[in-house]
Amino acid sequence: MRDTKPVQWQLAKVASPHLPHPVSVVAATDIPYIPNANRLQNLSIYLPKTSETSKLLGTPATSLPNPSSQSRLPRYHVHIHGGAWRDPQLTSKSIEPAVAHAFSATDVSDPIIAVASLNYTLSQFPTHPTLPYDALKDNHSDPAREATHPQHVSDILHGLALLRSFGLTDTSYILSGHSCGASLAFQATLQRPQHYGLEDHPDAPCPAAVLGLNGLYDLPELVSGLGASHEQLRDEYEMLLSIAFGADKGRWAAASPARFDPADTAARVREGTAPRLVVLDQSAEDQLVPMNQRERLGTSLSRVTGLRVIEGHRCTGKHAAPWEQGVMIWESLQDICELLREEN
């Protein structure tokens, strides 16, 4: 059980390998988003360090900063980390290199004034090289590592609901996700919670845009359609997906963003509950995810009336490079803001 004492704003430092020095920010970390949360049912919020945000230090984190201008651009960024639904060493802190770029200069014209990053309950990882977890062998000692679908989605929806109570509104934010986090971003925003049997969950606030980075979008194809370049990963994908989504492969398609019904998504776009802009970026050098994952989602979303789908061009290097370096995520956000500015 998490401590119910409110999390307070504190000074923190974030760093990127592309910046010469760490960047000071105002942060509230590990804010639980449900009562009696496990140790991963929380989120963190980062603000630039300014004379105004410094006044928040030592006070409870209960709201996002209000935009001072009437800009029609989104002012908040929300991120969902990857890690194949299971890696305990990959957390909400993985956004910090991108935060460093976002807040390395206190330029009042910068569109993003707050970054939130979500943790969520993980699935079991019996073969992790240093932190293996098997619920039976480990006597259910860590419920934060025992999720099966749709609990990952449930946690993300709870996190977004807390951010809504903090001031997040429809189209006020850009939602990004890396790897399985990209899958979660689309699961949470393209479908109603009822699609996953989560009848008691509210819809996510509608993002102005969703950014998918090196994402996993077609779960069956991660086993049967990897292609020659990634075929050696077939057994590993089959194991991790069976743990995260259940052994019945016939149910994996319904959880796959690349297989959502375009007509259903189009209806959500029309009613303003799904984003009108999607940017999909995939590194050709990704050693873990083949290019056809992006292609399959892009092809499906291209059939959604009212949705603009853009191919990103920032991701390079190995699978983890976007979050490890930070600059790719930040430049992608700037690209999205420019696309939205042109539309407005």
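I will try to describe carefully the structure that is included in this document. Since this is a predicted model, take the numbers as computed values, not measurements.

Reading guide: rules and limits
- Residues numbered from 1 in each chain as written.
- Predicted model: local features only at pLDDT ≥ 70, side-chain atom pairs only at ≥ 80, totals over all residues.
- Heavy atoms only, no water.
- Helix = DSSP H or I, 4+ residues; strand = E, 2+ residues; numbered from the N terminus.
- Rg over C-alpha atoms; globule rule 2.2 N^0.38 Å.
- Buried < 20%, exposed > 50% of the residue type's maximum accessible area, 1.4 Å probe, protein only.
- Contact = heavy atoms within 4.5 Å.
- Areas by Shrake-Rupley, 256 points an atom, 1.4 Å probe, with all protein chains shown as cover.
- Pairing = 2+ DSSP bridges.
- Axes fitted to C-alpha atoms, helices over the stretch in contact; angles between N-to-C directions.
- Salt bridge = Lys/Arg side-chain N within 4 Å of Asp/Glu carboxyl O.
- Expected span 1.5 Å × (residues − 1).

### A word on the overall build of the protein
- When you go through the protein residue by residue, the secondary structure sums to nine helices and nine strands.
- Taking 344 residues into account, the globule formula puts the C-alpha radius of gyration at 20 Å, and the protein, at 19 Å, falls close to it.
- Referenced to the eigenvectors of the C-alpha coordinate spread, the extents of the protein come out at roughly 55 × 50 × 45 Å.
- Relative to its full complement of 344 residues, the protein shows a buried share of 55%.
- Sequence-distant contacts in the protein: of pairs separated by 6 or more residues, those separated by 24 or more amount to 75%.
- For the protein, the exposed area adds up to about 14400 Å²; of that, 51% sits on carbon and sulfur atoms.

### Let's talk about the sheet that holds strand β5 (residues 114–118)
- Read from one edge of the open sheet, nine strands run β1-β2-β3-β5-β4-β6-β7-β8-β9, paired in mixed fashion. Of all strands in the sheet, those bounded by a partner on one side alone are β1 (10–14) and β9 (308–311). Neighbour to neighbour, the strand axes of the sheet diverge by 25 degrees on average, direction disregarded.
- Here four bridges tie strand β3 (residues 42–48) to β5, and the two strands are oriented antiparallel to one another.

### Notes on the pattern of salt bridges
- Under the counting rule described, the total for this entry stands at 14 salt bridges.
- With a closest N to O distance of 3.4 Å, arginine 294 and glutamate 311 form a salt bridge. You can see arginine 294 sitting in helix α7 (residues 292–301) and its partner glutamate 311 sitting in strand β9, a full 17 residues away along the chain.
- On the accessibility criterion, arginine 294 (10% relative accessible area) is buried.
- Looking at glutamate 311, the relative accessible area reads 56%, which means it is exposed.
- The closest approach of N and O atoms between aspartate 335 and arginine 314, which form a salt bridge, is 2.8 Å. With aspartate 335 in helix α9 (residues 327–343) and arginine 314 in the loop between β9 and α8 (321–325), the pair connects residues that are 21 residues apart, well separated along the chain.
- Linked by salt bridges that have partners in common, Asp218, Glu221, Arg259 and Arg296 make up one network.

### Topic: helix α5 (residues 234–245)
- If you check α5, its first and last C-alpha atoms are 16 Å apart, about what twelve residues at 1.5 Å a residue would give, namely 16 Å.
- For α5, the elements touching its buried residues are α2 (151–166), α3 (180–190) and α4 (221–224).
- With its phi angle positive at about 95 degrees, glycine 246 sits one or two positions after the end of α5.

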